[in-house]
Each structure stands twice: as structure tokens, then as C-alpha cells.
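# Fold and contact review
Chain residues, written in single-letter form:
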There are 2 protein chains.
Amino acid sequence: MDVINVVLADDHVLVRDGIKALLEDQSGIVVIDEASNGKEALEVVKKNTPHVLIVDIRMPEMNGIEVVREITKSFKEVNTLVLSMHDSEEYVVQAIQAGADGYLLKGASKEEFLKALHKVASGGKYFTGDVSAIIMNNFVNGNASVVSSNIKSIEDPFGLTKREKQILGLILQFKNNKEIADELQISKRTAEVHRFNLMKKLEVKNLMELSNKANEYQLV
Amino acid sequence: MDVINVVLADDHVLVRDGIKALLEDQSGIVVIDEASNGKEALEVVKKNTPHVLIVDIRMPEMNGIEVVREITKSFKEVNTLVLSMHDSEEYVVQAIQAGADGYLLKGASKEEFLKALHKVASGGKYFTGDVSAIIMNNFVNGNASVVSSNIKSIEDPFGLTKREKQILGLILQFKNNKEIADELQISKRTAEVHRFNLMKKLEVKNLMELSNKANEYQLV
DNA sequence: TTAAAATTAAGTAAAATTACTTAGTTTTGT
DNA sequence: ACAAAACTAAGTAATTTTACTTAATTTTAA
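Now for a description of the structure that goes with this document. In this text, all values refer to a predicted model and were calculated from it rather than measured experimentally. Numbers given to residues run from 1 along each chain, matching the order in which its sequence is written. Here the convention is simple: chains get letters from A, ligands get numbers from 1, in the order in which they are written. Where totals are concerned, whole chains, interfaces and linings use all residues; where local detail is concerned, this predicted model gives features only for residues with pLDDT of at least 70, and gives and counts side-chain atom pairs only at 80 or more. Based on all heavy atoms of the structure, the side-chain values leave hydrogens and waters out of the count.

If a single non-hydrogen atom of a residue is within 4 Å of a molecule or strand, that residue counts as near it. Around DNA strand C there are 18 residues in total, and Met 199 of chain A together with Thr 161, Arg 163, Ser 187 and Arg 189 of chain B lie nearest to it. Close to the protein, within 4 Å, the atoms of DNA strand C belong to sugar or phosphate groups at a rate of 65%. Note that a phosphate oxygen of DNA strand C is positioned 3.5 Å from one of the side-chain N or O atoms of Arg 195 of chain A. Taken together, the elements giving at least two residues each to the surface near DNA strand C come down to α9 (188-202) of chain A together with α7 (162-172) and α9 (188-202) of chain B. Split into classes, the residues belonging to the surface near DNA strand C amount to 5 nonpolar, 7 polar and 6 charged. Under this definition, polar contacts are N or O atom pairs within 3.5 Å; protein pairs additionally need one hydrogen-donor-capable and one acceptor-capable atom, and for neighbouring residues in sequence, both atoms have to be side-chain atoms. Labels follow the DSSP assignment, with helices taken as runs of H or I lasting at least four residues and strands as runs of E lasting at least two, numbered in each case from the N terminus. Amino acids are sorted into nonpolar (Ala, Val, Leu, Ile, Met, Phe, Trp, Tyr, Cys and Pro), charged (Asp, Glu, Lys and Arg) and polar (every other residue, Gly among them).

Below you can see the structure in the form of C-alpha cells.
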């Protein structure tokens, strides 16, 4: 491979421009296209078939993990490097399952970034030190082995049903059981049950934790 | 001014590296130093006295607005360009009050960014179109004129007392009134009152909204 | 050194949540 | 068509929050 063709997907124009400038200062790397949301990323990859897609997790329309999953399924020749610009490490396992070839946390430097990019472009894998520790941890604990297939997917990491998701949506709109019941034309008791089950499934003990967890995992 | 000396403050190394690459591709701009949190930003500015400090709002230790306020007070010759990488426009007024010379939202492109930087470096002001609209709006409505001095500051936009902030902190740790009471050695009733007053001041009607608003405005 | 602000905490009471269990009905997948 | 899963909703009960008011004490700033 002579030149590495890269597609950048991030909803911050400036971050994209910055990374682009950074990459194009290197010889042997060309940013051939960009996308500002997940769906666009897929289209752009389809159009260009780059060597590497660099993708941020949090994006409108479709999140980075879903994008990676699609790419892994439909464009096997495209390698993916996931950037988590939002300090959390919680998507690592999901990213790997989705087929990501690399994963960097926000603490990553230019040097590490370039190293990762080259590694990924050449068909290798690159995960930051912290990430590797997480994987190891998951591996030894055996509770969520990376290769295991019965892990819940990112769209539904907690096994929520459609109705539960719908109700979660309403809860996140600050609606109480009465309002939810009215809106869905079910009894208040049913709304309560759904709420109760949601709490159990998400392992939280009040509204606030529910809200946080839901946002954290982008459940709605 | 021959060369514009810039200091970059952002907690994402990669974003910093990216913007640096972008800036240094331009002639006449030099990134002389960097900082990864607010306090560091102040130190670095003190040490270097750059022409422009480019600063993200959300940073550990001390947020961008506070940094700008300090700079405006103590290093008048340093111009400040605030980047809001997090879609919200709510800090515009505060940023301007704090003395920011420029303000860009995450939608800003490289071109706009460079334009803003040059403008700010030469002692001018630059605010994105959207931002200008917000200012105009505030101005005509008169409810928060930019020059008015009785607007609540960013650390305390809702006029919370110290105790209230402390209790808000505990609430955000998912503690209920009983737990808060025990921890602070006050009666449960007092904790309830504080919670009630917090809700009133933040104009929310349940825990979840409280949590959201608190995070939104970084009250803790 | 006062007045203002903040903190404390009681009373009252409605509303809502939390924490289950049981169980009938509907939908869905194979 | 049959079983499994999902959705519905009732009962019961403890706990918590929400929504005030009133008021004594303590702290703080002019």
C-alpha cells in the first residue's frame, strides 16, 4: 500500500479539519472524503471504499458503533478506527464486537493516533493501553468475552423491549406514569410496571440514574 | 504584528494536535504552547503572553469561561477566542461578559476559524452568525443585556447558595434526602427543604430535570 | 452592629415512586 | 399451531418526593 486513503467521520467540522490537517502533514496519508453523521459516513464509505474509516462514536443520525457494524458487514475491506472523544471507555467491548480494528480514547496523542492509523491501515489492530486492560479484564472475568456471541448489542445492551424503549423515551421527556399512561392509552399501573422493569433491567434505583444510564448508552 | 502567537487550551490531546496542525499549515501563525485544563491554561498564558488564547469551554479544573474572565482581568493584552465544541449556545452571553473576543460554535469550519483567529488577534471581535443572533436577541429583549452587570455569573447562574450546591452535588451522586441528611448531619427535613429550593431555583419539577440542568450548566 | 441572607427544621398532606406478586391477553417466531 | 415472549393491569404496602408554610438560629456583609 502506497498511500493510505482515509475517510473522516465526526460531527465537529473543526475537529475534522484539525485531524485532516494533522494527517495531511504526513506523507502517505490522504483524506479522501468526510462525513458529519453516521448515515453520511456509510454513504461516503460506499462511494469511496477508503482503506480506513476514522469515526467518532457520538454522532447524529447513527452512532459510530453502528456505523462500524455496518461497515464490517458490508465493506469488509474497509478498516475502522474508532475515536472516543468523550472520556468513557464503556463502548470498547461493543466497538470490538462490532468489528472495529482500532479504538482510541480522548487522551490519545498525535503520535499514538498515527501509530494506530498505520497499524489499522495495514490490517492490524490497535487499542490504547487502557482499552487493552479493559478487554483483558472482560476476558479473564469471562462475563463478557469478546468473542462470545450472546452479548447484548449496543442498540439493546439491556434487552429492552420495544414498548419499554418507548416508555423510556417518554420518561426521558420528564413524563410521569400518569402522563405516560394517558399518552399511550394504557393504565397507570401498566406504566408503573414498565418503569419498574426498566429500572430492574438497567440496574438503577431512581429516575436520575435511569436517565443517566439511558443517555450514556444512547438507548433512545 | 508579524506572527500570531497562539496558546491552545483543550482537554482532548487529539483535538489540540489537530488544531495545531491546522494552524501551523498557515504561515504567520505559531502555536507556542498548550494546556489541557483551565488552570494550566492560566499558567501557560502567564508564562508566554500569547497574542491569542484559543480555549474550549468544557475543561477540567476550571472551565473556559472562568479562564477568559481571569485573562481579561489579569492579562488584558491577551485576546481570547472561545470554542464551544458542544452544540449549545448557552454560554455566549457569559463568554462575552467574561471578556471573550471571539466565540465559535462546533459547526465552525476551518475557514471561519482562521478568519475568527485573525480578527481576534488584531484586536477585533468575532462571533459566529448564530451567536450574533443570540446577542441581538438578548439586546432587543433587554432581559440580559450584554453590558448589564446584574446577570448571574456562570459559576452561579441560578443564585444557588454554598449549601445548596453541596446538596446538589450529593443529589447528583444519587443520594436521597435520608442519605444526604446523614452525611451532612442535618435533619432529613432540612435536606428536603434544600432539595425543594433547588428545584424552585432551577425551575425543574423532578430529579431527572434537576440532574440534567445541573449537568448542562455544570453547577457542580 | 444591625439588617439581610442562609441554614436549620418542624407540620401537613397529596402525589409519586419503589418493590413486588399474580395473572389474563396479545403478539411473535418457528 | 404452539410455545415463548411481550404487554397488560390488578393488589398491597412501604418509602420518597413534591409542595408548601412557619419560624428559630446562625452567618455574613454593609
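Our focus in this paragraph is the protein's contact with DNA strand D. By nearness alone, 19 residues border DNA strand D, and Thr 161, Arg 163, Ser 187 and Arg 189 of chain A together with Met 199 of chain B come closest of all. Among atoms of DNA strand D positioned within 4 Å of the protein, sugar and phosphate together represent 63%. A distance of 2.9 Å is found between a phosphate oxygen of DNA strand D and a side-chain nitrogen or oxygen belonging to His 194 of chain A. Contacts to DNA strand D include Leu 207 of chain B, whose backbone N or O atom sits 3.5 Å from a phosphate oxygen. Elements represented by at least two residues in the surface near DNA strand D include exactly α7 (162-172) and α9 of chain A together with α9 of chain B. Grouping the constituent residues of the surface near DNA strand D by class yields 5 nonpolar, 7 polar and 7 charged.

Residue and element names in this part refer to chain B. Overall, parallel pairing links the 6 strands, which are arranged β2-β1-β3-β4-β5-β6 in an open sheet. Strands at the two margins of the open sheet, each flanked by one partner only, are β2 (29-35) and β6 (126-127). What makes two strands pair is DSSP finding at least two bridges between them. Where strand β4 (residues 79-84) and strand β5 (residues 102-105) come together, 4 bridges link them in parallel fashion. Paired with Ser 84 across the strands is Leu 105, a residue of β5. The contact criterion used is simple: two residues touch if any of their non-hydrogen atoms lie within 4.5 Å. Orientation is described by lines fitted to C-alpha atoms, with helices fitted over the stretch in contact, and by angles between N-to-C directions that extend from 0 to 180 degrees. Helix α1 (residues 13-24) rests against β1 (4-9), β2, β3 (52-56) and β4 of the sheet, and its axis sits at about 165° to β2.

The next thing to look at is the nonpolar core. Within the largest apolar cluster, 50 residues are counted, with the highest numbers of intra-cluster contacts made by Leu 23, Ile 54 and Phe 113 of chain A together with Leu 23, Ile 54 and Phe 113 of chain B. If sequence neighbours within four positions are ignored, Ile 54 of chain A has contacts with Val 6, Val 7, Leu 8, Ala 9, Leu 23, Leu 81, Leu 83, Phe 113 and Leu 117 of chain A. Residues grouped as a nonpolar core are buried Ala, Val, Leu, Ile, Met, Phe, Trp, Tyr and Cys residues, joined through side-chain atoms within 4.5 Å. Burial classes: relative accessible area under 20% of the type maximum marks a residue as buried, over 50% as exposed, and values in between as partly exposed (1.4 Å probe, protein chains only).

Turning our eyes to something else, we now look at the interface of chain A and chain B. Across the contact, 29 residues belong to chain A and 29 residues belong to chain B. Between Lys or Arg on one side and Asp or Glu on the other, a salt bridge is scored when a side-chain nitrogen of the former is within 4 Å of a carboxyl oxygen of the latter. Where chain A packs against chain B, one counts 0 salt bridges. The tally of links from chain A across to chain B stands at 4 residue pairs in polar contact (both at pLDDT 80 or more). A total of 8 residues in the side of chain A that touches chain B trace back to one element, the largest contributor, which is helix α1 (residues 13-24) of chain A.

Residues and elements named next belong to chain B. Axis separation between helix α8 (residues 177-184) and α9 bottoms out at 8 Å; the angle between their running directions is 115°. Taken together, the axes of α8 and α9 lie roughly perpendicular to each other. Here α8 runs over α9; the crossing is right-handed. Contacts between α8 and α9 involve Asn 177, Lys 178, Ile 180 and Ala 181 from the former and Lys 188, Ala 191, Glu 192 and Arg 195 from the latter. A class-by-class count of the residues in the contact of α8 with α9 yields 3 nonpolar, 1 polar and 4 charged. Angles below 35 degrees are treated as roughly parallel, those above 145 as roughly antiparallel, those between 65 and 115 as roughly perpendicular, and all remaining angles as oblique. The hand of a helix crossing depends on one turn: near helix anticlockwise from the far one by less than a right angle means left-handed, and clockwise means right-handed.

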